[in-house]
Amino acid sequence: NFLQSYNIKEETIGGQKLTSVAYEFILTGLTPQNSILIPLNNDFDTIEVFGRTIYRKENRDGLGRVDFFGGCTRNDGGGLELDDNNLQEFKKSSISGVDPNFSHDISGTNYIITIDPNSAVLNLSFKIWLEVHFSNITI
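Residues numbered from 1 in each chain as written. Predicted model: local features only at pLDDT ≥ 70, side-chain atom pairs only at ≥ 80, totals over all residues. Heavy atoms only, no water.

## Considerations on the overall build of the protein
- From N to C terminus, the protein includes zero helices and 10 strands.
- Taken over the C-alpha trace, the protein has a radius of gyration of 16 Å; the compact-globule value for 139 residues is 14 Å, and the two agree within 12%.
- Considering only C-alpha atoms, the protein reaches an extent of 55 × 30 × 25 Å along its principal axes.
- Here the protein, with 139 residues, has 37% of them falling under the buried criterion.
- Put simply, 64% of the contacts in the protein that link residues at least 6 apart link residues at least 24 apart.
- Accessible surface computed for the protein: about 7900 Å², of which carbon and sulfur atoms make up 48%. (Helix = DSSP H or I, 4+ residues; strand = E, 2+ residues; numbered from the N terminus. Rg over C-alpha atoms; globule rule 2.2 N^0.38 Å. Buried < 20%, exposed > 50% of the residue type's maximum accessible area, 1.4 Å probe, protein only. Contact = heavy atoms within 4.5 Å. Areas by Shrake-Rupley, 256 points an atom, 1.4 Å probe, with all protein chains shown as cover.)

Structure (structure tokens):
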């Protein structure tokens, strides 16, 4: 229940579905948490995810930003394959201490964005804007 989504917008352009969604939640701890799950429902489904994150740490001045992108494809056997093992990230922070880490993974038919808050005692407040491009490509 720590995940809340707002302002879901969907449109289809040239056979591709574009979904924009915003999330707001608070994380604490030293363990990566599966924060966002995106299902791929059909064989040959492909997604690209572009995210922009702003975060603050409890009782700390400053602001952190993480922009990221990644994606995966559901193959003809129904399995998911990451486009790249690493989520591509661009970080900038004026907050003292260790920054959170973002990664991505797959499980079942879900593409997962994971966040490790890297903060044992302080709450981190996140606002994330995602743009998700869905497409189903067959020959």
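## Concerning the pattern of salt bridges
- Scanning the entire structure with this criterion turns up two salt bridges.
- The shortest N-O distance in the salt bridge between Lys-127 and Glu-24 comes to 2.9 Å. Separated by 103 residues along the polypeptide, Lys-127 in strand E10 (residues 119–136) and Glu-24 in strand E2 (residues 16–29) bring together distant segments of the chain.
- Overall, the relative accessible area of 36% leaves Lys-127 in the partly exposed class.
- Take Glu-24: its relative accessible area is 33%, and that puts it in the partly exposed class.
- Between Asp-67 and Arg-52 there is a salt bridge, and its shortest N-O distance comes to 3.4 Å. Linking Asp-67 in strand E5 (residues 64–74) with Arg-52 in strand E4 (residues 45–57), this pair joins segments that are 15 residues apart in sequence.
- Residue classification places Arg-52 among the partly exposed residues on the basis of a relative accessible area of 40%. (Salt bridge = Lys/Arg side-chain N within 4 Å of Asp/Glu carboxyl O.)

## Notes on the sheet that holds strand E3 (residues 33–39)
- On the basis of which strands lie adjacent, the open sheet formed by three strands has the order E3-E9-E8 and antiparallel pairing. With one partner strand each, in any of the chains shown, E3 and strand E8 (101–107) form the two edges of the open sheet. In this sheet, adjacent strand axes meet at a mean angle of 25 degrees when their direction is disregarded. (Pairing = 2+ DSSP bridges. Axes fitted to C-alpha atoms, helices over the stretch in contact; angles between N-to-C directions.)

## A look at the side chain of Thr-114
- For Thr-114, the location among the structural elements is in strand E9 (residues 110–116).
- Reaching out from Thr-114, the side chain makes a polar contact with the side chain of Asn-34 at a distance of 3.0 Å.
- Once you skip the residues sitting within four places of it in the chain, Thr-114 turns out to touch Pro-32, Gln-33, Asn-34, Ser-35, Asn-101, Phe-102 and Ser-103. (Polar contact = N/O pair within 3.5 Å; in protein donor to acceptor, adjacent residues only side chain to side chain.)

## Re the nonpolar core
- Ile-128 and Leu-130 are the most contacted members of the largest nonpolar core, which totals 26 residues.
- Within the residue set of this core, elements represented by two or more residues are E2, E3, E4, E5, E9 and E10.
- Not counting residues within four places of it along the chain, the set of residues in contact with Ile-128 comprises Val-21, Ala-22, Tyr-23, Phe-25, Ile-36, Arg-52, Thr-53, Phe-68, Phe-102 and Ile-115. (Core = buried A, V, L, I, M, F, W, Y, C linked by side-chain atoms within 4.5 Å.)

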